[in-house]
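Coordinate analysis (summary)
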Amino acid sequence: VSFGGSENGTAVGIAGTILRTTNAGETWEQQDSKTQRHLFAVCFVDAYVGTAVGDGGTILRTTNGGNTWIPQVSGTKSWLVGVDLIDQNIGFVVSTAGTILRTTNGGDNWLELPTGTMNRLMGLSFSDANNGMAVGYFGTILRTTDGGATWETQTSGTENVLFGVSLTDGNTATAVGNLSTIIHTTNGGATW
């Protein structure tokens, strides 16, 4: 689920399900995704511009609050399970194949970034166009400070699967995973 403001929110799910609220969740209406692919994540930068991702390399984009969803070419058949948009042009997607995709033109093109891991990645978060983290299986944490051009592996202190991360600034992040795992850093991931 992702909200682009306090009133407008979108949730995604199995078989291409996309639900939209314009009243802070009091009511939800189904939108036509034009796909039967399972959708795993969605991110909106405002009330209108958003991206949803799913299995089979599915990437969908809307610029009108979900009235229409347009498929984009990801260049992969992997499951895309996380998405984070910096603005209307710059965005990142993470896959279970251990890859991260980046766009700098609103998704017209997606470029695979070298991550240095073969572990499944499950979530990612950027605090700005340069600083980001991705998390995944076996306690994997990757960090970039150059917009994804390079990724550094960090020591998380856990072997548990990490499913999500929230990077609030260049130094502060929280990651969560299975078996009630919650880890936190205030020094850019030098220690968790």
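Before any of the text, the structure's been laid out above.
Computed from a prediction, not measured in an experiment: that's the story for all the values here.

The rules behind these values
- Residues numbered from 1 in each chain as written.
- Predicted model: local features only at pLDDT ≥ 70, side-chain atom pairs only at ≥ 80, totals over all residues.
- Heavy atoms only, no water.
- Pairing = 2+ DSSP bridges.
- Helix = DSSP H or I, 4+ residues; strand = E, 2+ residues; numbered from the N terminus.
- Axes fitted to C-alpha atoms, helices over the stretch in contact; angles between N-to-C directions.
- Salt bridge = Lys/Arg side-chain N within 4 Å of Asp/Glu carboxyl O.
- Buried < 20%, exposed > 50% of the residue type's maximum accessible area, 1.4 Å probe, protein only.
- Phe/Tyr/Trp six-rings, centres within 6.5 Å; stacked < 30°, edge-to-face > 60°.

1. Details of the sheet that holds strand E10 (residues 91-95)
The four strands are arranged E9-E10-E11-E12 in an open sheet whose pairing can be described as antiparallel. Two strands close off the open sheet at either side, each with one partner strand: strand E9 (80-85) and strand E12 (111-113). Across the sheet, the mean angle from the axis of one strand to that of its neighbour is 25 degrees, orientation sign disregarded. In terms of strand pairing, E10 meets strand E11 (residues 100-103) through four bridges, oriented antiparallel. Counted as the bridge partner of Val-94 is Ile-100 from E11.

2. Examining the sheet that holds strand E1 (residues 2-3)
Sheet strands pair via backbone hydrogen bonds, and the direction of the pair is either parallel or antiparallel. With antiparallel pairing, four strands are arranged side by side in an open sheet as E1-E2-E3-E4. Pairing within the sheet leaves two strands with one partner each, and these edge strands are E1 and strand E4 (29-31). Inspection of the sheet shows strand E3 (residues 18-21) paired to E4 by three bridges, in the antiparallel sense. Following the sheet pairing, Ile-18 is matched in E4 by Gln-31.

3. What to know about the pattern of salt bridges
Taken as a whole, this structure holds two salt bridges when the rule is applied. Two residues, Lys-34 and Asp-32, come together in a salt bridge whose shortest N-O distance is 3.7 Å. For Lys-34, a relative accessible area of 60% translates into the label exposed. For the salt bridge of Asp-55 with Arg-37, the shortest nitrogen-to-oxygen distance reads 3.7 Å. Taken together, the positions of Asp-55 in the loop between strand E6 (50-54) and strand E7 (59-62) and Arg-37 in the loop between E4 and strand E5 (39-44) put the pair 18 residues apart, joining distant regions of the chain. Look at Asp-55 and you get buried, because its relative accessible area is 8%. The exposure class assigned to Arg-37 is partly exposed, which follows from its relative accessible area of 40%.

4. Section: the packing of aromatic side chains
Within the structure shown, the criterion is met by six aromatic pairs. With 3.7 Å between their ring centres and 10 degrees between their planes, Phe-92 and Phe-126 make a pair best called stacked. Of this pair, Phe-92 sits in strand E10 while Phe-126 sits in strand E13 (residues 121-126), and the two are 34 residues apart along the sequence. Look at Phe-92 and you get buried, because its relative accessible area is 1%. With a centroid separation of 6.2 Å and 90 degrees between ring planes, the pair formed by Phe-126 and Trp-151 is classed as edge-to-face. With Phe-126 in strand E13 and Trp-151 in the loop between strand E15 (141-144) and strand E16 (152-154), this pair connects stretches of sequence that are 25 residues apart. With a relative accessible area of 7%, Phe-126 lands in the buried category.

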